[in-house]
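# Secondary and tertiary structure notes
The primary structure of each chain is shown beneath.
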Amino acid sequence: PRNALLRTPLSKFPEVEPLVDISLCTDPAVLADVVCEVVPWKRRWEHHAWLHLVCKRAQYLLPDTSPRDVVRVILAFGELYTKRKTHTLLFHDYETYTQLFQALPVGAATAKTLLPLLRAYRRMGVAHEAFVRAACDQVAAGTIELEIDQLTELVKLLADERIMSPRLFEFAAEVLDLKFAYFSEDNVGDITRAFCALRYRSQLFFSTLKRELPFRLHEYAWWNLIDIADLYLTFQVDDRDMVQRIGNEAFKLVFSMKYQYPAKALKVLAFLEAADKRTFRLLIRNQLRCIKSLDPVLTADTIMACVALQVDPDTVYHRLAGGTLYHMFTVNLLKGLGSLSAKKTCDVVAALASAGQIEHDLMHAVAGIVVARPYKFHAEHLISLLRDFATCRHKATDLRALLLDRHDQLPECTPSALCSLPDALFGHQTRSFSVAGGDSTTSGGLGHGSENSHRDDAEILAEASRLLCAPGAYRLPLDPRALRSKDDFWWQQLRQRHFRLRRRAAAAGVAVEPPVGITRDPLDIGDSISSSGSSAALAHVSRQECLQLVDGCARLRWYDEPLLHGIASWLCEGRRHAELTPGEVACFLEAFCILGYVQPLLRVSLEHALLRVAPTMDPMHWTRALRGALEVGMCVRSAAMRALVQRCTSGLAFVPPEDRDAFNVVAASILQASAREILSTSSVHKPSWTRLPIEIQMLRRAV
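Please read these numbers as outputs of a predicted model, since none were measured by experiment.

Moving on, we get to the overall build of the protein chain. Helix and strand counts for the protein chain stand at 32 helices and five strands. Counting across all 703 residues of the protein chain, residues that qualify as buried make up 51%. Taking the intrachain contacts of the protein chain between residues at least 6 apart in sequence as the baseline, contacts between residues at least 24 apart amount to 74%. As displayed, the protein chain offers around 33300 Å² of accessible surface, 52% of which is attributable to carbon and sulfur atoms.

This is the structure in C-alpha cells:
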C-alpha cells in the first residue's frame, strides 16, 4: 500500500509526542503542524483522550485557521485507518469533523487535494453534501482537471456516499466517449457500478458502450462483464446485440467467477435471456461455491432466476438435484429474511410455489415476520402469501385472520390481488362453506367456524365483488407510486399515462403496453392517454387472473351473480374465449358447472372454445370438460360435444385411473341426454334427422 503506516504493525509504532503543549497552543499554523506530525501515529485506545483534546483545541482555533491548515488537519485525521478497514477511522469526533468541512471553502479543493479530501469525507462519515457537490461542479466546469483514474475514483466515491451529481456524471460520460481507448476495463467497470448503484441513466454512456464494447468485450474480466450486464438489466435497455454478446462471453468465464458473481451472473443472464442452455447449466452447477457469501436480496433474486429458468426440483444437474439447490438457497435466505422488502418476500414465496418446491421452514419464518410486523405488509401482500401457501399446502390461519381485518385496504389492492382473494381464503379455512350473493349459507360455520369469522368472510367477499364488477367502484390510483412497493407490473403500466415518460421509454427501447381500459384521446394533439373511470376492475385483469378468480369462486362455492355476469362478459368480449388453452377451457367449464351459472352467450363462447381445443385436450381434463359441458347446457349432438366425445373414445385407455369411475358416470349421462334429445325431436323431425351421432354410438360401445 502507498501509506507506509499501514505496513507497520501496531506493536512497533513509536510513541510520538508533540513538541508543544496542545492545550496552550494559540497559533493555528503551529497546531496544524503538530497535528500533521503526531496524529497519524496515535492509533491505540489510550490515545483517544489526547485526540479529543486536540479536537477541542482545533474547534477553538478554527475561526482563525487558514483553508490550507484546515485541509492539513482533515487529511491528518483521515490517516487514522487500518489496512483491513480503509472505509472507516480508528477515532471519531463527528462534531469536529463536521465543523472542519463546514469551514472549508470550495477553493481549497484542487486537483491535488480533492480526492484525499473526499476519501477523508467518506471515512469520517460527515454529511456535508454542499461541499462535495460544489467541488464536483468545479470538475465538470473544467476548473479542476483530473486524470482518468482520478475521475473514475471520484465517481466511485460519490456512489459510495449515495450523492447524485448529474453534471459530473455526464462529464465523465463525455470523457469516456472522447478517450475510451485510454480507459482501462476496470475504469469502465467502476463507472458502470457507480451508475448502477445510483440508478443514474446516461444515454451517452450507453451509446459509447454500444460503439466500443463489441471490439473489446472479449478482453474484459468476469466481474466487469457481469456488472455491465447488470447495468443493462437495471435500466431495461433494449440492445439485444450487446446483451447477446455478453451472454456468449460469459460461458468461457463461468469457472473463473468467485464470491457472489456466479449467483449474480445467473440472475442477470436469466432475466436478460442472454445465454444458452449450456451456460445456464454451468452456472447452476457453480452455485454451491457462492451460496454462503450471498446477501439476502441476491439470494432471493437467484431463487427467482432459477424458477425463471425452469429448474426442476426433481432434475439432477451434474450430481446436484434442483430440490437440493432450492433448499440450500432457502436455508441461506432464512438468516436475513427480515431484511427483505414485503414485495421481495412475496416474490420469493411465489417463485418457490410455482416451481413446486415446498419449504415449510421458510413459510413458518415468513408467517412469523408478518405476525411480528403486520403493518409492513399490505393486504396485497397478504393475499399473495396466502395464495402461495395454499399452493404448497401450508396452513396460515393467523395470516388469514390478519387479512380479514384489512377490509379497508381492498380498494388499494390491484385487480390481480382481488382475483386471488377467493383462492387465498379457501386454502386456509377449516370447514367448507358457500356464499351466495354475499349472504353466506354454511353447514358447519364460515371460515374458522365462529360467527365473527362468518361475518368477516362475507363482508370481505362482498367488497371484493363490488370492486371487481361494479363500474366506477375501483379506480387505478392517479399517483403510480402507490403501487410501486406492491406490484411492478401495475406501476409500470400506470407510468404510461404520462406522455413524456412514454416518449422517453420509447426512445430508450423500453415499452410497456398501457392497461386495458386506457385509450388514446383522439381530440388530444399530444400523445396523452385518458383513462375511463367507468370501467370495472375486471377490464384490467389477464386471462390467467380471470381463470384464478373463477376457480377460487368454484372452490369456495361463492355464487355472486353480478360477479359471474362480469366474468362472462369479459370472457365473451372480443376473441378472449378463442385464446383459451385446453386446460383453461376445462377449468372454466368445471367452475361454471359447480357454481350452476348458465348464460346463453357464455354457453356459445365456451362451445366455440371447446370445439377448437377438443382434438388436443389431455386425458386429465376429459372428465371435467364433459361434465361442465353438460351442465352449462351444451347440446349433446353439437359439433363441440361430438369432437370431445370422439377424442375421449379414441383414447379411452388413457383416462387416469382416479377419474375412471367419474368418467363412466359422465358417459352414462351423455348417453341418456342423447336419447332424450332424440325422443324429444322424433315427433317434430323426420327419422333421418333424429339418428344417433356416430360419435355417441362409438362411445356407447367403448364404455
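Here the structure, examined in full by the defined rule, presents 15 aromatic pairs. Over the aromatic face of Trp50 sits the side chain of Lys42, whose NZ or CZ is 5.4 Å from the ring centroid. In this arrangement the basic side chain of Arg278 is found over the ring face of Phe251, its NZ or CZ atom lying 3.7 Å from the centre.

Glancing now at the environment of Tyr232. Following the sequence through the fold, Tyr232 ends up in helix H11 (residues 222-234). Separated by 40 residues in sequence, Tyr232 and Thr192 place their C-alpha atoms 9.8 Å apart.

This next bit is on the pattern of salt bridges. Overall, the coordinates contain 27 salt bridges when judged by the stated rule. With its nearest N and O atoms 2.9 Å apart, the salt bridge here joins Glu15 to Arg44. One end of the pair, Glu15, is in the segment before helix H1 (28-38); the other, Arg44, is in the loop between H1 and helix H2 (48-61), and 29 residues separate them in sequence. Between Arg387 and Asp388 there is a salt bridge whose closest N-O contact spans 3.3 Å. Overlapping salt bridges, with partners in common, bring together Asp190, Arg193, Asp227, Asp230 and Lys264 in one network.

What follows is about the confidence of the model for the protein chain. In this model, the protein chain carries an average pLDDT of 83, and 84% of its residues clear a pLDDT of 70 or more. Between residues 432-449, whose pLDDT stays under 50, and residues either more than four places distant or in other chains, the model counts 46 contacts. Segment residues 511-534: pLDDT under 50, and 39 contacts once partners within four positions in sequence are set aside and those in other chains are kept.

Here the focus is the environment of Ala401. Here Ala401 is to be found in helix H20 (residues 397-404). Under the relative-accessibility criterion, Ala401 is labelled partly exposed at 34%. Sequence separation between Ala401 and Asp456 is 55 residues, and the spatial gap between their C-alpha atoms is 9.1 Å.

Time to look at the packing of helix H9 (residues 185-198) against H11. Relative orientation and spacing of two packed helices are given, respectively, by the angle between their axes and the distance between those axes. Two numbers describe how H9 lies on H11: the axes approach to 9 Å, and their chain directions differ by 30 degrees. As H9 runs across H11, the sense of the crossing is left-handed. Along its contact with H9, which presents Glu185, Asp186, Gly189, Thr192, Arg193, Phe195 and Cys196, the element H11 presents Trp223, Asn224, Asp227, Ile228, Asp230, Leu231 and Thr234. The residue inventory of the contact of H9 with H11, partitioned by class, reads five nonpolar, four polar and five charged.

The phi dihedral of Arg162 falls on the positive side, at around 55 degrees, and the residue is not glycine. Following the sequence through the fold, Arg162 ends up in the loop between helix H7 (148-160) and helix H8 (166-178). For Arg162, a relative accessible area of 55% puts it in the exposed group. With phi around 55 degrees, Arg199 is a residue other than glycine that occupies positive phi space.

Right, let's get into H2. Between its terminal C-alpha atoms H2 stretches 20 Å, which fits the 20 Å expected from 14 residues at 1.5 Å a residue. For H2, the full list of buried residues reads His48, Trp50, Leu51, Val54, Cys55, Arg57, Ala58 and Leu61. The inward-facing, buried residues of H2 abut H1, helix H3 (67-77) and helix H4 (94-102).

Looking at the element boundaries, Thr414 is found in the loop between H20 and helix H21 (415-426). You can call Thr414 buried: its relative accessible area is 0%. A polar contact is formed between the side chain of Thr414 and the side chain of Glu380, at a distance of 2.5 Å.

What follows concerns helix H6 (residues 129-141). In this model H6 runs 18 Å from its N-terminal to its C-terminal C-alpha over 13 residues, within 8% of the 18 Å that 1.5 Å per residue would give. Taken residue by residue, H6 has Phe131, Val132, Ala135, Cys136, Val139 and Ala140 as its buried positions. In the core, the buried residues of H6 are packed alongside H4, helix H5 (114-124), H7 and H8. At the C-terminal side of H6, Gly142 shows a positive phi close to 95 degrees.

Attention now goes to the packing of H3 against H5. At their nearest, the axes of H3 and H5 sit 9 Å apart, and the two run at 55 degrees to each other. By the angle between their axes, H3 is oblique relative to H5. Both H3 and H5 take part in a crossing whose hand is left-handed. On H5, the residues that touch Val71, Ile74, Leu75 and Phe77 of H3 are Pro116, Leu117, Ala120 and Met124.

Turning our eyes to something else, we now look at the side chain of Ser420. By the element assignment, Ser420 lies in helix H21. What makes Ser420 buried here is its relative accessible area of 1%.

The full count for this structure, using the stated rule, is zero disulfides. No disulfide involves Cys546; its sulfur sits 6.8 Å from that of Cys419, the nearest cysteine. Taking relative accessible area as the criterion, Cys546 reaches 0% and is therefore assigned buried.

With respect to the helices, strands and loops of the structure, Leu266 is situated in helix H13 (residues 261-272). You can call Leu266 buried: its relative accessible area is 0%. Remark: the alpha-carbon pair of Leu266 and Ile226, spanning 40 residues in sequence, is separated by 9.5 Å. Beyond its immediate sequence surroundings of up to four residues, Leu266 is in contact with Phe280, Leu283, Ile284, Gln287, Thr302, Ala305, Cys306 and Leu309.

About the cut-offs
- Residues numbered from 1 in each chain as written.
- Predicted model: local features only at pLDDT ≥ 70, side-chain atom pairs only at ≥ 80, totals over all residues.
- Heavy atoms only, no water.
- Helix = DSSP H or I, 4+ residues; strand = E, 2+ residues; numbered from the N terminus.
- Buried < 20%, exposed > 50% of the residue type's maximum accessible area, 1.4 Å probe, protein only.
- Contact = heavy atoms within 4.5 Å.
- Areas by Shrake-Rupley, 256 points an atom, 1.4 Å probe, with all protein chains shown as cover.
- Phe/Tyr/Trp six-rings, centres within 6.5 Å; stacked < 30°, edge-to-face > 60°.
- Lys NZ or Arg CZ within 6 Å of the ring centre and 35° of its normal.
- Salt bridge = Lys/Arg side-chain N within 4 Å of Asp/Glu carboxyl O.
- pLDDT = per-residue confidence, 0-100.
- Axes fitted to C-alpha atoms, helices over the stretch in contact; angles between N-to-C directions.
- Left-handed = near helix turned anticlockwise from the far one by under 90°.
- Nonpolar A, V, L, I, M, F, W, Y, C, P; charged D, E, K, R; others polar.
- Expected span 1.5 Å × (residues − 1).
- Polar contact = N/O pair within 3.5 Å; in protein donor to acceptor, adjacent residues only side chain to side chain.
- Parallel < 35°, antiparallel > 145°, perpendicular 65-115°, else oblique.
- Disulfide = S-S within 2.5 Å.

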